[in-house]
Amino acid sequence: MSNVFEKAVSRQPNEHLSDQGLMPRHQSAYMKHHSTETAMLRVMSDALTAADQRRMTLIGLLDLSAAFDCVGHALLLQRLQSTFGLSGTVLRWLTSFVTGRSQQVAHGGQLSPTQSVLFGVPQGSVLSPLLFVLYTADLSRVVANHGFTPQQYADDCQVYTRLTSTSVDDATATVDRFSRCSTTSKPG
């Protein structure tokens, strides 16, 4: 029953985000007319275009581990309001949906103390994929600000650049620059 209710509730934010052009451009998961195929075709097309221009493409493949468990509730709700313009009943309902959850572990007949869950979106939920996509929407902007091209599919991200030289030194410097950027960039 909750999935039926979530589907009904998700229509309003989905329509708003689509109508306002707010859905992340470089994310191919969980959106109509997008798939792993569209993500792959974009990356391949960019690489082939670069090859036609006698440039090579250097690509890094990132997989965010336990990604859905890492969504910070406070930051998600702030982004939903400030970046995506969700407010009123929709924002209150989404706040209620992601906050106020708790967990407890049973082991060897013993129960741990109950702990509040401050991170993560509910697994198997209809809304969780959309919330994850919106939570990670700034990733594309950060990647582009460092001179790379992003393409995402759910928690997988391809980050690539096209080089004008085929020298190993240029490629190594580019990898080093990306490595420094990805380890020093802070979410926000």
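Preceding this section is the structure that the text describes.
What this report covers is the structure whose coordinates are included nearby. Please read these numbers as outputs of a predicted model, since none were measured by experiment.

By size, the foremost hydrophobic cluster in this structure holds 24 residues, and its most contacted members are Leu-76, Leu-80, Leu-94, Val-98, Val-121, Leu-131 and Leu-134. Looking at this core, the elements with two or more residues in it are helix 3 (73–82), helix 4 (88–98) and helix 5 (128–135). In contact with Leu-94, other than residues within four places in its own chain, are Leu-77, Leu-80, Leu-86, Leu-127 and Leu-131.

On to the pattern of salt bridges, then. Applying the stated criterion across every chain yields a total of two salt bridges. The closest approach of N and O atoms between Arg-79 and Asp-138, which form a salt bridge, is 3.8 Å. Taken together, the residues Arg-79 in helix 3 and Asp-138 in helix 6 (residues 138–145) connect sequence positions 59 residues apart. Both residues of the pair, Arg-79 and Asp-138, belong to the buried class. Here the residues in one salt-bridge network are Arg-79, Asp-138 and Arg-141, joined through shared partners.

Moving on, we get to the packing of aromatic side chains. Inspection of the entire model under this criterion finds two aromatic pairs. Arranged with centres 4.7 Å apart and planes meeting at 15 degrees, the rings of Phe-68 and Phe-132 form a pair that is stacked. Highlighted residues: Phe-68 in the loop between strand 1 (56–63) and helix 3 and Phe-132 in helix 5, separated in sequence by 64 residues. On the basis of relative accessibility, which here comes to 16%, the residue Phe-68 falls in the buried class. Each ring, one from Trp-93 and one from Phe-97, has its centre 5.4 Å from the other, and the planes form 15 degrees; the classification is stacked. Remark: Phe-97 and Trp-93 occur in helix 4; sequence separation between them is four residues, near one turn of the helix. By relative accessible area, Phe-97 is classed as buried at 9%.

Calculation notes
Residues numbered from 1 in each chain as written. Predicted model: local features only at pLDDT ≥ 70, side-chain atom pairs only at ≥ 80, totals over all residues. Heavy atoms only, no water. Core = buried A, V, L, I, M, F, W, Y, C linked by side-chain atoms within 4.5 Å. Buried < 20%, exposed > 50% of the residue type's maximum accessible area, 1.4 Å probe, protein only. Helix = DSSP H or I, 4+ residues; strand = E, 2+ residues; numbered from the N terminus. Contact = heavy atoms within 4.5 Å. Salt bridge = Lys/Arg side-chain N within 4 Å of Asp/Glu carboxyl O. Phe/Tyr/Trp six-rings, centres within 6.5 Å; stacked < 30°, edge-to-face > 60°.

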